[in-house]
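The residues making up each chain are set out below.
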Amino acid sequence: MRVKLKPVAEQVILITGASSGIGRTTARIAAERGAKVVLVARDGEALAGVVREIEEAGGTAAHA
């Protein structure tokens, strides 16, 4: 069975561990490619900073 995915720009992507490291980088790249990203991490302050970075670059992000 072949799965057909929507283009990244049409997806909402949930990323855990998004306040640093691979999670942060993945969130920024996904947003640069047009995805809406929802970010989750334990460090709320750092997470809010990532959301600001993404939004300032023109992307769409939310955090929990």
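Here, every reference points to the structure presented above.
Residues numbered from 1 in each chain as written. Predicted model: local features only at pLDDT ≥ 70, side-chain atom pairs only at ≥ 80, totals over all residues. Heavy atoms only, no water.

Caption draft 1: Summary view of the pattern of salt bridges. Tallied over the entire structure, the rule returns two salt bridges. Across the pair Arg24 and Glu53 runs a salt bridge, and its minimum N-O distance is 2.3 Å. Within this pair, whereas Arg24 is found in helix H1 (residues 21-32), its partner Glu53 is found in helix H2 (residues 44-56), the two being separated by 29 residues in sequence. According to the relative accessible area criterion, Arg24 is partly exposed, its value standing at 24%. Given a relative accessible area of 28%, Glu53 falls into the partly exposed group. One salt bridge in this structure joins Glu53 and Arg28, with 3.5 Å as the shortest N-O distance. Taken together, the residues Glu53 in helix H2 and Arg28 in helix H1 connect sequence positions 25 residues apart. Residues participating in the shared-partner salt-bridge network are Arg24, Arg28 and Glu53. (Salt bridge = Lys/Arg side-chain N within 4 Å of Asp/Glu carboxyl O. Helix = DSSP H or I, 4+ residues; strand = E, 2+ residues; numbered from the N terminus. Buried < 20%, exposed > 50% of the residue type's maximum accessible area, 1.4 Å probe, protein only.)

Bear in mind that shape data such as this cannot, by itself, settle questions of function.
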